[in-house]
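Listed below, chain by chain, are the residues.
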Amino acid sequence: MLDLEKYRQKLILENYDFLESKVDWIFKHCNIKFLDSFIGDEMDKLSLVQFSEITRIKYSEVSNVLKGKVKFKDSQQFIWSCCILFHFDEIVGILNTKYVLMDKSFDRELFEKNFEQSLSGYVGFAKDLKRVGELEQYIEEFKRLSYLIKDDTK
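So, here's what we can say about the structure. Note that this is a predicted model, so its numbers are computed, not measured.

**Details of helix H6 (residues 88-101)**
- An ideal rise of 1.5 Å per residue puts 20 Å on 14 residues; H6 measures up with 20 Å between its terminal C-alpha atoms.
- Buried within H6 we find Phe88, Ile91, Val92, Leu95, Lys98 and Tyr99. For H6, the angular spread of buried residues about the axis comes to 125°, placing them on one side. The exposed set on the far side of H6, more than 90 degrees from its buried face, consists of Asp89, Val100 and Leu101.

And the structure:
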């Protein structure tokens, strides 16, 4: 499994001479790299459909972001962080099952570390929402205001 912290450090060293102008690129690149580490067509990953069904983020949005067809906007990164955090145990459970079926070991701690490393600012805020009991309500409100989230009530 990818260790995102080491990967980001490698990118920083590779881009050190231009670091000031590359900071946003490095963060967004690492965020996509994290998502690519557990969403995709490989047997040990969630399919795009599974991720979309679990998080309620539209399949087309997931696909377009992961394929680089659209920019991964800050607002998207935040709501994706909230959705992943809200469904974290379900995501981890499915990934663990996939790994077991392939006779591999799933490292939950590394996955959680990568999640926090990749979307750190957003994850911190999402955890604050969870602590005060408002994460689910925030996601529900975002459903009503955004085209990013599937809303099954319509």
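**Here we look at the nonpolar core**
- Membership of the largest hydrophobic core comes to 41 residues, with the highest contact counts inside it found for Leu35, Phe38, Phe51, Trp80, Ile91 and Phe111.
- Top element by residues in this core is helix H5 (residues 74-86). It accounts for seven residues.

**Remarks on the pattern of salt bridges**
- For the structure shown, the criterion picks out six salt bridges.
- Residue Lys113 is joined to Asp3 by a salt bridge in which the shortest nitrogen-to-oxygen separation is 3.4 Å. Here the residue Lys113 occupies a position in helix H7 (residues 108-118), and Asp3 occupies one in the segment before helix H1 (4-14), the gap between them amounting to 110 residues.
- Note that Glu42 and Lys45 form a salt bridge whose closest N and O atoms lie 3.3 Å from each other.

**Quick look at unusual backbone geometry**
- Even without a glycine there, the phi angle at Arg56 is positive, about 70°.
- In this fold, Arg56 is placed in the loop between helix H3 (48-55) and helix H4 (59-66).
- Although it is not a glycine, Asp103 sits at a positive phi angle of roughly 60°.
- By the element assignment, Asp103 lies in the loop between H6 and H7.
- You can call Asp103 exposed: its relative accessible area is 73%.

Conventions and cut-offs
- Residues numbered from 1 in each chain as written.
- Predicted model: local features only at pLDDT ≥ 70, side-chain atom pairs only at ≥ 80, totals over all residues.
- Heavy atoms only, no water.
- Helix = DSSP H or I, 4+ residues; strand = E, 2+ residues; numbered from the N terminus.
- Expected span 1.5 Å × (residues − 1).
- Buried < 20%, exposed > 50% of the residue type's maximum accessible area, 1.4 Å probe, protein only.
- Arc of directions from axis to C-beta.
- Core = buried A, V, L, I, M, F, W, Y, C linked by side-chain atoms within 4.5 Å.
- Salt bridge = Lys/Arg side-chain N within 4 Å of Asp/Glu carboxyl O.

Everything listed here is a matter of geometry and, on its own, says nothing about what the molecule does.
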